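Structural overview for review
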Amino acid sequence: MTSNYGIYMQNINANYAIADHDFIKRYFQHQRSSMGVFIDFNCWQSGALLNKANDLKLFDHHYRWLIYDEMSNIMKFKIFVSNFNLFINTDLTYAMLSDEHINSSKNSTFLLYDVYNKGQKWGGRLNMTADHAVTCSHTNCHLQKYLSTLHQRSKSGNRERLSDITLTVCTVVTRKPINLPEEVLIGYLMSQNNTHIDGLPRFGFQVLMVLKDILGSNFSYQFKETWSVTETTGGCIGAVGYEHSADLLSTPFLFTEKRSLYSRPILRNGHFRSICIFRTPRKADLKTGVFMEPFSVAVWILFAIILGLIGVLLRFIFLVEHNKMKISLTYVPSLLTTCLMSFSTACVQSSQLIPSSFGGRLTFICLSLLTFIMYNYYTSIVVSTLLGAPVKSDIKTIGQLADSNLEVAMEPLPYNAAYLNFSKLPEIKRFVKRKIESKSNPGSVWIPAEEGILRVRDEPGFVYIFEAFSFGLVERYYDAHEICDLNEVLFRPPADLHTHVNRNSTFIEILRWRLVRIFETGIYSKFHRHWINSRLNCYLGNNALVQVGLEYTAPLFAMLFCSYILVLIVILLEILWKHFERRAT
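Each chain has its residues counted from 1, following the order in which its sequence is written. It should be noted that, the model being predicted, local features are given only for residues of pLDDT at least 70 and side-chain atom pairs only at 80 or more, the latter also being counted only at that level, while totals for whole chains, interfaces and linings use all residues. Side-chain descriptors were evaluated using all non-hydrogen atoms of the structure, hydrogens and water having been removed beforehand.

1. A look at the overall build of the chain
Short version of the rule: Elements are defined by DSSP. Helices are runs of H or I of four residues or more, strands are runs of E of two residues or more, and each kind is numbered from the N terminus. A 1.4 Å probe rolled over the protein chains alone gives each residue an accessible area, and that area as a share of the maximum for its type sets the label: buried under 20%, exposed over 50%, partly exposed in between. Residue burial considers only the protein chains on display, and all accessible areas are found by Shrake-Rupley using a 1.4 Å probe.
Looking only at helices and strands, the chain has 20 helices and 15 strands in total. Classification of the 585 residues of the chain by burial places 41% in the buried group. Total accessible area on the chain is roughly 32,800 Å²; 58% of this is exposed by carbon and sulfur atoms.

2. Section: the environment of Asn-487
Heads up, the rule is: Two residues form a contact once any of their heavy atoms are found within 4.5 Å. Under this definition, polar contacts are N or O atom pairs within 3.5 Å; protein pairs additionally need one hydrogen-donor-capable and one acceptor-capable atom, and for neighbouring residues in sequence, both atoms have to be side-chain atoms.
Here Asn-487 is to be found in strand E14 (residues 486–490). In this structure, the C-alpha to C-alpha distance between Asn-487 and Asp-394, residues 93 residues apart in sequence, is 9.3 Å. Those residues within four positions of Asn-487 in sequence are excluded, and the remaining contacts are Cys-276, Ile-277, Phe-278, Arg-279, Thr-280, Lys-392 and Ser-393. Of note is the side chain of Asn-487, whose polar atom sits 2.8 Å from the side chain of Thr-280. At 2.9 Å, the side chain of Asn-487 forms a polar contact with the backbone nitrogen of Ser-393.

3. Things to note about the nonpolar core
What counts, and what does not: For this analysis, a nonpolar core means a set of buried residues of the types Ala, Val, Leu, Ile, Met, Phe, Trp, Tyr and Cys, connected via side-chain atoms within 4.5 Å.
Phe-203, Leu-211, Phe-507 and Leu-511 are the most contacted members of the largest nonpolar core, which totals 52 residues. By residue number, the principal contributor to this core is helix H7 (residues 199–215), which donates nine residues. For Leu-511, the residues in contact, after removing those within four places along its chain, are Leu-211, Leu-215, Leu-248, Ile-266 and Val-501.

4. Digging into unusual backbone geometry
Positioned with a positive phi, Lys-57 is a non-glycine residue whose angle comes to about 55 degrees. Located in the positive-phi region is Ser-72, a residue other than glycine, with phi close to 55 degrees. Relative to the assigned elements, Ser-72 resides in the loop between strand E2 (63–69) and helix H4 (74–81). Judged by its relative accessible area of 26%, Ser-72 is partly exposed.

5. As for the side chain of Arg-202
Stated precisely, the cut-off is as follows: Charge convention: Lys and Arg are scored as positive, Asp and Glu as negative, and His as well as the terminal groups of each chain are ignored. By convention in these notes, a salt bridge is any Lys or Arg side-chain nitrogen within 4 Å of a carboxyl oxygen on Asp or Glu.
Following the sequence through the fold, Arg-202 ends up in helix H7. For Arg-202, which is buried and forms no salt bridge, the nearest opposite charge comes from Asp-198, at a distance of 6.7 Å. Among the polar contacts made by the side chain of Arg-202, one reaches the side chain of Ser-191 at a distance of 2.9 Å. Among all residues touching Arg-202, those that are not within four sequence positions of it are Tyr-188, Leu-189, Ser-191, Gln-192, Asn-193, Asn-194, Thr-195, Ile-197 and Trp-531.

6. Some points on the environment of Val-463
Structurally, Val-463 can be placed in strand E13 (residues 463–467). Spatially, the C-alpha atom of Val-463 lies 9.6 Å from that of Glu-488, the residues being 25 residues apart in sequence.

7. What to know about helix H3 (residues 46–55)
Residues spaced three or four apart along an α-helix face the same direction, because each turn holds 3.6 residues. In plain terms, the rule: Each direction from the helix axis to a C-beta atom contributes to the arc, which is the arc of those directions.
Residues of H3 that are buried include every one of Ser-46, Gly-47, Leu-49, Leu-50, Ala-53 and Asn-54, and no others. Each buried residue of H3 lies within a common arc of 160 degrees when the element is viewed along its axis, so the set occupies one face. Downstream of H3 by a residue or two, Lys-57 has a phi angle that is positive, lying close to 55 degrees.

8. A look at the side chain of Asn-117
Secondary-structure assignment places Asn-117 in strand E4 (residues 108–117). At 3.5 Å, the side chain of Asn-117 forms a polar contact with the backbone oxygen of Gly-124.

9. Structural notes on the state of the cysteines
Our working rule: We call a pair of cysteine sulfur atoms a disulfide whenever their separation is within 2.5 Å.
Per the counting criterion, the structure on display carries two disulfides. Each sulfur of the disulfide joining Cys-136 and Cys-141 lies 2.0 Å from the other. Taking the sign of the S-S torsion, 115 degrees for the link of Cys-136 and Cys-141, the bridge is right-handed. Between the sulfur of Cys-170 and that of Cys-236 lies a disulfide, 2.1 Å long from S to S. Measuring the twist about the S-S bond at about -85 degrees, one finds the Cys-170-Cys-236 disulfide to be left-handed. Here Cys-170, found in strand E7 (residues 166–172), pairs with Cys-236, found in helix H8 (residues 235–240); they are 66 residues apart in sequence, far enough to count as distant. Considered together, Cys-170 and Cys-236 belong to a single accessibility category, that of buried residues.

10. Digging into a nonpolar patch on the surface
The condition that has to hold: The patches reported here contain residues having more than 30% relative accessible area and no salt bridge. Joining distances are 9 Å for like charges and 5 Å for nonpolar side chains (Val, Leu, Ile, Met, Phe, Trp, Tyr).
Together, Phe-557, Leu-560, Tyr-564, Val-567, Leu-568, Ile-571, Leu-572 and Ile-575 give the surface a local cluster of nonpolar side chains, amounting to about 810 Å² of exposed area. The residue Val-567 is located in helix H20 (residues 554–584) in this model. You can call Val-567 partly exposed: its relative accessible area is 41%.

11. Regarding the confidence of the model for the chain
As a reminder, the rule being used: Confidence of the predictor in every single residue is expressed as pLDDT, which spans 0 to 100.
Averaged over all residues, the pLDDT of the chain equals 82, while 89% of them reach at least 70. Element-level pLDDT for the chain is lowest in helix H1 (residues 14–17), with a mean of 70, against a maximum mean of 93 in helix H6 (residues 182–190).

12. Quick look at the sheet that holds strand E11 (residues 274–279)
For sheets, the rule is that strands pair by backbone hydrogen bonds, running either parallel or antiparallel. Where we set the bar: Pairing between strands is defined by DSSP: at least two bridges between them are needed. Only the stretch in contact is used when fitting a helix axis, every axis being a line fitted to C-alpha atoms; angles between N-to-C directions are given from 0 to 180 degrees.
Taken together, four strands build an open sheet; the order of strands is E12-E13-E11-E14 and the sheet is mixed. Strand pairing shows two members of the sheet lacking a second neighbour, strand E12 (408–410) and E14, which therefore form its edges. Neighbour-to-neighbour, the strand axes of the sheet open up by a mean angle of 25 degrees, direction not taken into account. As judged from the three bridges shared by E12 and E13, these two strands associate in the parallel manner. Its bridge partner being in E13, Ala-409 is matched across the sheet by Tyr-464.

13. A few points about the UniProt feature "transmembrane region" (unreviewed entry) in the chain
Filter applied, for reference: UniProt positions are given in the numbering used here, feature names are shortened, and annotations may be inferred rather than shown by experiment.
According to UniProt, the "transmembrane region" (unreviewed entry) feature falls on residues 297–318, 330–348 and 556–577. For residues 297–318, the helix share is 100%, the strand share is 0%, and the end-to-end C-alpha distance is 32 Å.

14. With respect to the sheet that holds E2
Reading across the sheet, the six strands line up as E1-E2-E3-E4-E5-E6 and stay open at both edges, with mixed pairing between neighbours. The sheet is open, and its two edges are formed by strand E1 (35–40) and strand E6 (141–146), each paired on a single side. Geometrically, the sheet is characterised by an average inter-axis angle of 30 degrees between neighbouring strands, direction not taken into account. Examined bridge by bridge, strand E3 (residues 91–97) and E4 share six bridges and lie antiparallel to one another.

15. Some thoughts on the pairing of E7
With respect to burial, E7 is a largely interior element, six of its seven residues being buried. For E7 and strand E8 (residues 218–224), the ladder comprises seven bridges, and the chain directions are parallel. Residue pairing in the sheet places Thr-166 in a bridge with Asn-218 of E8. Two elements, E7 and strand E9 (residues 248–249), share two bridges in a ladder whose sense is parallel.

Take a look at the structure:
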C-alpha cells in the first residue's frame, strides 16, 4: 500500500535493533529533509530505543514520530516521556486503541494525541492533546471525529504561545557599566531620549519587548559590553552562537559567512550606516571659475570679436562725421579709443563720446542693448551660483578623505575600532596610517558624538565619523543652511542588520512569524522613525540666509592685481619707447 504513494518503508525488529551499535547511524543520521518513524510501544526494547533517540535529540522537525500503544496505557507513556528532550517543533503522535475496538471485529478505532514540550531546559511542560479519532480497516483509514480544535490551525500556530518558558536574551550595552542592577539597565534600554547613545542596542531591545508581549513568555537577560571579540566568538554574538548561552540577541547585527555556522538570521531589523560628515572649508580655490562659468570659452571669444568689430565701426563713423559730414568734434578718437569705448559700454560704464549722426547713434544703441542683455544674463548666473546650492567638496570616498589634509575624529564605538583593526581594504589601511597613527596622541581621535558634531558645525573642514542614529543631534544643533552645507562620505559600505538566533533553535519559525506581525501592524515603523534617520534633509527655504564670503571674490582681486602689474609693465615700456624716440631725434 505504501508503494502506491511513493513511500519507502522498512520494517525493523526493535527488540534486536538496540543491540546494533550502528543502528542510529544507519537509519537516523541522514541528509533527508524528513523521515517518518513508526514504533510499537509494546515491543520489549522500544523504551531503550526511544531513550537512545532522546539522548541524540532526534525529536525535532526532521522526524515524524508515530508511537502505537496497543495496551492503551496513556499514563505509562506520559510518565515515560515526561523527561524527554521534546521541543516546540517536535512532530510526535501517540496512537492508542479506543474502547470501541473491543466491540468491533472488523474495524479498529484509534485515538491520536499530539505530544510536544516547548523546551524542558527553558521550563516547558509536557503537553498531550487529543487531536482526532480515526477508524481503520485492513485497506484504509478515515476520520471519525475531531477531539479538539488543533486541526483549525497549523502545528506552529497551536504552539505559538510561550507563556510557560523563559528565554535568555543577550543585549549589548556600551555606555553603561554592565554590572549595574538589571532593573537599572532595563530602564536605560527602554528610555526614549538621547537616541544617539547606544541607539542600535536600545532600538533592538524595545522592538524585542513588543515581541515578548506577543509571545507571552518570560525573558532572562545577559548584558555584554561588546558585540563580539572575533567574528564569531565573544560578546553577544558568541553567546547566541558558539557558546549557546543565549537564545536570542536583542541587538541586530551583520550576517556573515562565518557567523552562519553558529547563528541564523530570522528577519531584517535595521540598517547599518557609518558616515563621515564635514562642512566644506572656506578656501578661495573652491570657486575660482565661478566668474567664468556663465559663458563657455567660445562665447567669450565671440563676444570679444564682436566688441572689436564694433570698435572698428565706431572709428569709421567718427571719421565720416569729421571728414564728410563736417560735424565739429573735440577730437577724433583713435581705433584704440573706440575699442575702449566698446569695452566700457559692455561693462555698463557708458562712454564720454557719442556719435552725432543718426546711424552712429543707432549703432551705439545696438551696442548698449547687446551689452545690457549679456550683462544681465552674466550677473544672474553668477548670483544664482553663489547663492544657490552650497559649496560641496570634491571628496567623495574614504580613500580621498585619507589623502586630504582634513582633521578627522570618530565616535568611540567598539565595532569602529574593530573595523579599523581588521579591515583589509587598502584605503582603510591608508586612512589609519595617515589620520590616526600619524598623530602624537592617537587616542584623541575618539570623541563623543555631541562634541564631534558641534565641532563640525563650528570648524569647517573638520571631519567626524559616526552612526546614522546620531542624525538627531545634527538636526537639533544645525540651522537649515548648515545642514545643506554638509558633505557626506560613507565610512564603510552600508549593510542590513538582522535579528539572530542560534542556528539550531527550535523557536525560529515562531519568532519569525511574530516579528513579521510586528512589521505588518506598523509597530516597527513607529520605532524606526523615532530611532533611525537614514538621511539628512536639506530644507533651504526662500528666506534662508546664505553666507557668501569674501573668499569667492579672491579670484577677482587676483585678476585685478595681475592686470595692474601688466599695466605698470606696459607704462614702463611706453616710457622707454618715448625715451628712445627722443634720443633718436
